[in-house]
Amino acid sequence: VGFSYIKSNKYAWTLFKLAWVWFVSAIITDFFVENDLISSLKGEFNIVFFVLQFPVVYWLLFDKPERFLYYLIAIGIVSIPNLYLFGPEIDESNYGLMGENIWLYYSFVPVVIALISWLYYKDKISAKTACLMMITFGFYMLFHNSRNLFLTMTIAAVILYQIDKLNSNDLTASVQIFKTKIVKIFLFMFVGMLAVSYIYETLASSGTLGEYAYQKYVRQSQSDNILEGGRSETFMGIDLIKRSPVIGYGSFPIEEGDQFHKNYAYEHNLTYKSYPRIRKLPAHSHIVGAWMENGIGGGIFWAYVLVLLWKIFKSGAMLAEPTLLPALLMTFTARIWEILFSPFGLRVPETFFLMFL
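A few points on the structure.

Thresholds, definitions, all that
Counting of residues starts from 1 at the beginning of each chain's written sequence and follows it residue by residue. Only residues with pLDDT of 70 or above have their local features reported here, since the model is predicted, and side-chain atom pairs are shown and tallied only from 80 upward, although totals for entire chains, interfaces and linings are computed over all residues. Excluding hydrogens and water, the side-chain values take into account all heavy atoms of the structure. Aromatic pairs are defined between Phe, Tyr and Trp rings, using the six-membered ring for Trp, whenever the two ring centres lie within 6.5 Å; interplanar angles under 30 degrees are classed as stacked, those over 60 as edge-to-face, and all others as tilted. By the criteria applied, helices consist of DSSP H or I runs no shorter than four residues and strands consist of E runs no shorter than two, each listed in order from the N terminus. Summary of the burial criterion: residues with accessible area below 20% of their type's maximum are buried, those above 50% are exposed, and those between are partly exposed, where the area comes from a 1.4 Å probe applied to protein chains only. Over a ring means this: the NZ of a Lys or the CZ of an Arg is within 6 Å of the ring centre and within 35 degrees of the ring normal. Patches here are clusters of residues that have more than 30% relative accessible area and form no salt bridge, with a 9 Å joining cutoff for like charges and a 5 Å cutoff for nonpolar side chains (Val, Leu, Ile, Met, Phe, Trp, Tyr). Only the protein chains shown count as cover for residues, and the accessible areas themselves come from Shrake-Rupley with a 1.4 Å probe. For this analysis, a salt bridge means a side-chain nitrogen from Lys or Arg found within 4 Å of a carboxyl oxygen belonging to Asp or Glu. Charge counting treats Lys and Arg as positive and Asp and Glu as negative, with His and both chain ends excluded. Where a charge lies is defined by one atom per residue type, namely NZ (Lys), CZ (Arg), CG (Asp) and CD (Glu). Think of a polar contact as two N or O atoms within 3.5 Å of one another; within protein, one of them needs to be a possible hydrogen donor and the other a possible acceptor, and neighboring residues in sequence only count if both atoms come from side chains. Contact between two residues is taken to exist if any of their heavy atoms lie within 4.5 Å; hydrogens are not considered. For the purposes of this section, nonpolar cores are sets of buried Ala, Val, Leu, Ile, Met, Phe, Trp, Tyr and Cys residues that join through side-chain atoms within 4.5 Å. Simply put, an axis is a line fit to the C-alpha atoms, just over the touching stretch for a helix, and the angle between two N-to-C directions goes from 0 to 180 degrees. Our angle categories are set so that under 35 degrees counts as roughly parallel, over 145 as roughly antiparallel, 65 to 115 as roughly perpendicular, and the remainder as oblique. When residue character is reported, Ala, Val, Leu, Ile, Met, Phe, Trp, Tyr, Cys and Pro are called nonpolar, Asp, Glu, Lys and Arg charged, and the others, Gly included, polar.

Things to note about the packing of aromatic side chains
Counting across every chain of the model gives 32 aromatic pairs. Geometrically, the ring pair formed by Phe3 and Phe16 is tilted, given 5.6 Å between the ring centres and 55° between the ring planes. You can see Phe3 sitting in the segment before helix H1 (4–7) and its partner Phe16 sitting in helix H2 (residues 10–32), a full 13 residues away along the chain. Between the aromatic rings of Phe178 and Phe313, the centroid separation amounts to 5.6 Å while the plane-to-plane angle is 75°, which identifies the pairing as edge-to-face. Taken as a pair, Phe178 in helix H10 (residues 171–180) and Phe313 in helix H17 (residues 296–315) lie far apart in primary sequence, 135 residues in all. The same class applies to Phe178 as to Phe313, namely buried. Here a set of aromatic residues connected by ring pairs shows up, and it is made of Trp22, Phe50, Phe54, Phe301, Trp302 and Phe344. The lysine or arginine in question, Lys42, covers the ring of Phe252, its NZ or CZ lying 4.4 Å from the ring centre.

Focus: a positive patch on the surface
A cluster of basic residues, Lys10, Lys179, Lys311 and Lys314, forms a positive patch at the surface. Structurally, the position occupied by Lys10 is in helix H2.

Observations concerning the side chain of Glu293
Examined against the element boundaries, Glu293 turns out to sit in helix H16 (residues 286–294). Polar side-chain contacts of Glu293 include one of 2.9 Å to the side chain of Lys280. Those residues in contact with Glu293 that sit more than four places away from it in its chain are Thr29, Gly248, Tyr249, Gly250, Ser251, Phe252, Pro253 and Lys280.

Remarks on the nonpolar core
Counting 95 residues, the largest nonpolar core has Leu15, Phe54, Met134, Phe178, Phe301, Trp302 and Met355 as the members making the most contacts within it. Here this core gets 11 residues from one element, more than from any other, and that element is helix H9 (residues 147–164). Once residues lying within four places of it in the same chain are set aside, the contact partners of Phe54 are Ile6, Leu15, Phe16, Ala19, Phe301, Thr351 and Met355.

Let's talk about the packing of helix H11 (residues 182–205) against H17
Interhelical geometry of H11 versus H17 gives an angle of 120° and a closest axis separation of 11 Å. On the basis of the axis angle, H11 is oblique to H17. Taken together, the residues of H17 that come into contact with H11 (itself represented by Ile182, Ile185 and Phe186) are Trp310, Phe313 and Lys314. In the contact of H11 with H17, the residues fall into five nonpolar, no polar and one charged.

Things to note about unusual backbone geometry
Even without being a glycine, Phe252 presents a positive backbone phi close to 50°. Residue position: Phe252 is located in the loop between helix H14 (232–243) and helix H15 (259–267). Even without being glycine, His284 reaches a positive phi, approximately 55°. Considering the arrangement of structural elements, one finds His284 in the loop between H15 and H16. The exposure class assigned to His284 is partly exposed, which follows from its relative accessible area of 27%.

Brief notes about helix H19 (residues 347–356)
For an α-helix the count is 3.6 residues per turn, leaving residues at separations of three or four pointing the same way. Burial within H19 is extensive, with eight of its 10 residues counted as buried. For H19, the full list of buried residues reads Pro349, Glu350, Thr351, Phe352, Phe353, Leu354, Met355 and Phe356.

Some thoughts on a nonpolar patch on the surface
A surface patch of nonpolar side chains, amounting to about 490 Å² of accessible area, comprises Val24, Ile28, Phe31, Phe32 and Val33. For Ile28, a relative accessible area of 37% corresponds to the partly exposed category.

Right, here's the structure in full:
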């Protein structure tokens, strides 16, 4: 494949170079904290396997962006078999309202994303129908322990609905109209987020979403804010970064005696839950995890990704592939959530998304 294709795009080439900065930062951190060899190799090669995909995936997409959709369809096809072949361990947090395994429902998410994206791409459904399908599925998943999917699907639907109202077949004209509507789009997104929050709090606090969701809501409401209550590990990781902003704690850092979790829970009015096994220092976020574990280089890479997402969004570049808008927007909102509030683990989907943008 070579590097000639990815070099032609300054954003993709910058991502590629900054990913190697992240890698070097991981090596330096692991050396300084005297991390054990196995954890160091796991952490460093996790980055290597990620960055080496960049030139290949860019080469796959640069002349035919529809291959991004083909990849989403491929994920949809394998997602359910993967649950039974490589499914996660199950505990009480993995069961929904009816006692069902929520991972089964999560495995349907790629199927639904692929289906909506394909139907829209083939002009079988309108933008309004696609929006309705997104919100309906997101609301349905709310009953299966997935608030974030309800949020990301709703925001994606709001953006798609606003873009569909541009009413222009000319790309240049559409982009100019889009730029004038960005403030309005963000206003509608904010209203959508408030609506999602209100619906979740109402249903969870009344017990409609089940006992586990109710108990989870109670724990979250005890913290300084509900976001911190729901994603406390992300804020715990930020606290760790403040203590060591340049040199991190090493790849897969193990917490001794669970002392940090105990202290943080006490200081922030959270319920401390002991853990039966050895656990890592917390992060639960792409950017926080990379920065906390691998030092400032990891933070720089993911910070640039966030800047790039904003730059691409406000430019109106998404309108260049109008038939792929549902695929792009559902992935876009989900990836922003994951960068901020989910551990990094899906290397290939991340690469396809970033190179497609």
